[in-house]
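# Structural overview for review
Here is what each chain is made of, one letter per residue.
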Amino acid sequence: MVQYNFKKITVVPSGKDFIDIILSRTQRQTPTVVHKGYPISRLREFYMRKVKFTQQNFHEKLSAIIDEFPRLDDIHPFYGDLLHVLYNKDHYKLALGQVNTARNIVGKIAKDYVRLLKYGDSLYRCKSLKVAALGRMCTVIKRISPSLAYLEQIRQHMARLPSIDPNTRTILICGYPNVGKSSFMNKITRADVDVQPYAFTTKSLFVGHTDYKYLRYQVIDTPGILDRPFEDRNIIEMCSITALAHLKAAVLFFLDISGSCGYSIEQQAALFHSIKSLFMNKPLIVVCNKIDLQPLEGLSEEEMKLVMEMKTEAVKTVLAQGGDSNDEEVLLTMSTMTDEGVIAVKNAACERLLNQRVEIKMKSKKINDCLNRFHVAIPKPRDTKERPPCIPPAVLEARAKANEEKGKRKLEKDLEEENGGAGVYSANLRKHYILADEDWKEDIMPEILDGHNVYDFVDPDILLRLEELEQEEGLHLEAKADEEDFEMDGKELTEEERQLLAEIRQKKNLLIQEHRMKKSTAESRPIVPRKFDKDKKYTSERMGRELSALGIDPSKAIDRARSRSVTRRGRKRERSLGREGADGEAMDIDDELSNKKLRTRSRSRSRSKSRPPGEVTPGEGFKDSAQKLKAIRIAKKSVKVRNKAARKGEADRVIPNLKPKHLFSGKRSIGKTTRR
C-alpha cells in the first residue's frame, strides 16, 4: 500500500536566504587564514577548496529540492491529475526544470574556475578568481528566485492536502452543492467538515474514516459539481471529477428531493447523466436525502420518473459487474437531520464495495495458489437416516433459566434507556443502603463541617461518648470554681495586712504603667537637645556628683563635655606647644611664606578628612546614601560608551569591532594537528 505524505518535503528557501546559507556554511567549514608568503601551490589549493565546497553545497541543496518534490509521471494518476488541476503541471515542471538547469550551471562554473585557479600566479589573482566564481554562482541562484518562491508556495499547499490512499477501501460522496454530503460525512466518521446553508461550503477534498465488519474504510467528501460543460468547470469542481475518475470506490450520488438546495430534481438528474461515464465498474448507490422535508412518495410523476431513470442506470452498473439486480440496495432514502437511514446507507455502500473487491480477487490468478492449500472434508453418509446435532436437555434447561433471570432483572443501563437516556436519568446510588429506617436513605449527610471531614468522626457510640464528655467537663468546672474560692479577697486579713496589700498592688500598677510608657515611646522618642532641657535635669554638675559618688574622677569627663559644647566655627585653630617650641627659630621667615605653608597644610589635612562618595550633604537632593550611589553608578554608565569611543583611533592596536563567534571559533592554523 503506497502512502503519499507531502508533509515531509523540506522548506524551499528564498533566493537571498539560499545564498546566505551556502556562503555562511562555506565561511564556517573551510580555512580562513592565508598569507601572501605561502607558496603559490598552497594559495591555489586554498581557493580551489572554497570554490569546490561552495559548488558542492549548492548541488546538494538543489538536488534535495528536485528529489523531494513528486514527479507527476511516477505517482498515482489520481495525485498526478490532482496536482495538475491545482498547480498546472506545465508551470510545475518548468520550475523544477529551472532548478535542475541552475544546478548544472553552478557545476559548470565551478569546473571552469577551478581550471583557471590552477594557473593563478599570485594571491590577488587567486582571490579575484574565487570571488568571481562565487559571485557567478550567486547570480545564477538569484535568477531562479521566482521559481523557488513558486515551489515554496506549492509545498505549503501540498502539505495541507489530505492523505488519501488510492488503493484502500474508499467511499466517494458526490452530487450538487448543499445536498447534505458533508452532513453525512460528519455522521458516519469523526471528521469535522464545515456545514453551512449555502453552496460551495466545501472547497476541497476532505477525508474521514469509518469501520464496518472490523475493516477500516476511507470516506471522501468531494466539493459540489454543477451541470455544465467540462471546459467551464472551475478548480473546485475538477477536484471532484479527478477523484471520481481515478479512485476505485463505492460512489454515493446524493439527491436532494426536497429542492431546498436551490436545484431542482431535473437539474440533478441532468448532472447524473452527464457524469455517469465516471461510474462505470464502480458500486453506485443513489441516495435520496432530506426525506424529513419531502418524502419520496410525495414526489410528482415527472420527478418520480427521473428518479427511476437514475435507479435504472445504477442497476446497469450492478449487472455490468455480474451481480444480482437488487432494487433495495441501489436506491436508498435517508435524512441527516433525523439520522433516519444514515447507518443503512453506510452499511449498504460498505457491503457493495466489499463484495466487489472479493469478486475481483477471486477472479485473479493469485486465488489459485490460495485454494490449493484448502481442503474441506465432508463425511460420506452411511445410510439415509438424518442425524441432527444433539444438545443435552440439562444445557437447554440452564440456557432457559439464564434467559428468564436476565429477563426478570433490570439493570441500571435498562432503567437509563427507559427513562430518557444518559444526561436525563441519573442512577440512585442510595437505594441499596442497608439502614434501620428506609427514610434515612435520602437524608443529606454533610461531608465537611467546621473544616473537618465528617466521616473521620463517625462513631456508632457517639451519644454515649458525648455524655461522658459532658460529665467530665462538669467536673472540671466544679474544680475550677473551688480554686477561685481561695483567692485573697481581703476579708480574712488584718488591718495592717490590708494596707500592705493595697500598697503592693498600687506599686505594681505603677510599675506596669511606667513600663508600658517606656515600651511605647522608646523607639519613636527623639533625643531632647539641651536648650530644651528647661528643668536642668541633665547638667555637668549632676554628672560630676554621680561620678564622684561612684569613686571616679569626673574632671576629664566634664572638660570634654564643655569642649564639645563650644561650636567649632567660633574656635580658632591653635598650634601645639611642642610645635611652637620646635619652630621658634623659624619665626623670622616672611609672613607670606608662612601663610602659604599654612594654607597648603590645611588643604592637605582637609583632603585627608574628605567625605566618602556615598555620604549625603544637605542641599544635594538625595534621600539617602543608597540613592546617591545609584545616581553616581547610572551617570558613569551613561558616559561609558562615549568615553570608550573617544579613546579609540585608527592607529590603536585593538580590534575595533569584534567578529561574530562563528567566524573565528573552531579554527586552527594550517599544518597543526593538535586540537586542544
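Now for a quick tour of the structure.

Parameters and conventions
Residues numbered from 1 in each chain as written. Predicted model: local features only at pLDDT ≥ 70, side-chain atom pairs only at ≥ 80, totals over all residues. Heavy atoms only, no water. Axes fitted to C-alpha atoms, helices over the stretch in contact; angles between N-to-C directions. Helix = DSSP H or I, 4+ residues; strand = E, 2+ residues; numbered from the N terminus. Parallel < 35°, antiparallel > 145°, perpendicular 65-115°, else oblique. Left-handed = near helix turned anticlockwise from the far one by under 90°. Contact = heavy atoms within 4.5 Å. Nonpolar A, V, L, I, M, F, W, Y, C, P; charged D, E, K, R; others polar. Patch = residues over 30% accessible without salt bridge, like charges linked within 9 Å, V, L, I, M, F, W, Y side chains within 5 Å. Areas by Shrake-Rupley, 256 points an atom, 1.4 Å probe, with all protein chains shown as cover. Salt bridge = Lys/Arg side-chain N within 4 Å of Asp/Glu carboxyl O. Lys, Arg positive; Asp, Glu negative; His and termini not counted. Charge placed at Lys NZ, Arg CZ, Asp CG, Glu CD. Buried < 20%, exposed > 50% of the residue type's maximum accessible area, 1.4 Å probe, protein only. Pairing = 2+ DSSP bridges. Phe/Tyr/Trp six-rings, centres within 6.5 Å; stacked < 30°, edge-to-face > 60°.

Next up on the list: the packing of helix 4 (residues 89-117) against helix 6 (residues 145-159). As a packed pair, helix 4 and helix 6 sit with axes 9 Å apart at the nearest point and diverge in direction by 130°. With respect to their mutual orientation, helix 4 and helix 6 come out oblique. The way helix 4 lies across helix 6 gives a crossing that is left-handed. Residues His91, Tyr92, Ala95, Leu96, Gln98 and Val99 of helix 4 form the contact with helix 6, whose own contacting residues are Ser147, Leu148, Tyr150, Leu151 and Ile154. Class assignment for the residues of the contact of helix 4 with helix 6 results in eight nonpolar, three polar and no charged.

Phi at Lys213 takes a positive value of approximately 55°, unusual for a residue other than glycine. Structurally, the position occupied by Lys213 is in the loop between strand 2 (206-212) and strand 3 (215-221). Notably, Asp339 is not glycine yet its phi reads approximately 65°, a positive angle. Structurally, Asp339 is set in the loop between strand 6 (331-333) and helix 12 (342-363).

The next thing to look at is a negative patch on the surface. Side chains of Glu467, Glu468, Glu470, Glu472 and Glu473 sit close together on the surface and give a patch of like negative charge. With respect to the secondary-structure elements, Glu470 resides in helix 16 (residues 462-485).

Mapped onto the elements of the fold, Ile141 is located in helix 5 (residues 123-143). Under the relative-accessibility criterion, Ile141 is labelled buried at 0%. Separated by 123 residues in sequence, Ile141 and Phe18 place their C-alpha atoms 7.8 Å apart. If we skip the residues at most four places from it in the chain, Ile141 touches Gly15, Phe18, Ile19, Phe58 and Leu62.

What follows covers the environment of Ile275. The topology assignment puts Ile275 in the loop between helix 9 (265-274) and strand 5 (284-289). Separated by 48 residues in the primary sequence, Ile275 and Asp227 place their C-alpha atoms 9.0 Å from one another. Setting aside anything within four residues of it in sequence, one finds Ile275 in contact with Arg233, Ile241, Leu244 and Phe253.

Attention now moves to a nonpolar patch on the surface. On the surface, Ile391, Val395 and Leu396 cluster together into a nonpolar patch covering about 220 Å² of accessible area. Take Leu396: it is sitting in helix 14 (residues 393-408). With relative accessibility at 42%, the residue Leu396 sits in the partly exposed group.

Attention shifts here to the pairing of strand 3. In terms of burial, strand 3 is largely enclosed, as five of its seven residues are buried. Taken together, the four bridges between strand 1 (residues 170-175) and strand 3 define a ladder with parallel strand orientation. Note that in strand 3 the partner of Leu172 across the bridge is Ile220. By the bridge criterion, seven bridges tie strand 2 to strand 3 in an arrangement that is antiparallel. Bridging from a neighbouring strand, Val207 pairs with Ile220 of strand 3. In this antiparallel pair of consecutive strands, strand 2 and strand 3, the connection spans two residues, and Lys213 shows a positive phi of 55°.

Next up on the list: the packing of aromatic side chains. Tallying each qualifying case throughout the model produces 11 aromatic pairs. Ring geometry for Phe184 and Phe254: centres 5.3 Å apart, planes at 55°, overall tilted. Of this pair, Phe184 sits in helix 7 (residues 181-188) while Phe254 sits in strand 4 (residues 250-256); the two residues are 70 residues apart in sequence, bridging distant segments of the chain. For Phe184, a relative accessible area of 0% puts it in the buried group.

With that settled, consider the pattern of salt bridges. Following the criterion strictly, the structure yields 14 salt bridges and no others. Ionic pairing is found between Lys441 and Glu438, a salt bridge with its closest N-O pair at 2.8 Å. When its relative accessible area of 11% is taken as the criterion, Lys441 is described as buried.

This part is about the sheet that holds strand 4. On the basis of which strands lie adjacent, the open sheet formed by six strands has the order 2-3-1-4-5-6 and mixed pairing. Where the open sheet ends on each side, the last strands, each with one partner, are strand 2 and strand 6. Across this sheet, the average inter-strand angle for adjacent strands is 25°, counted without regard to direction. Where strand 1 meets strand 4, five bridges bridge the pair, whose relative direction is parallel.

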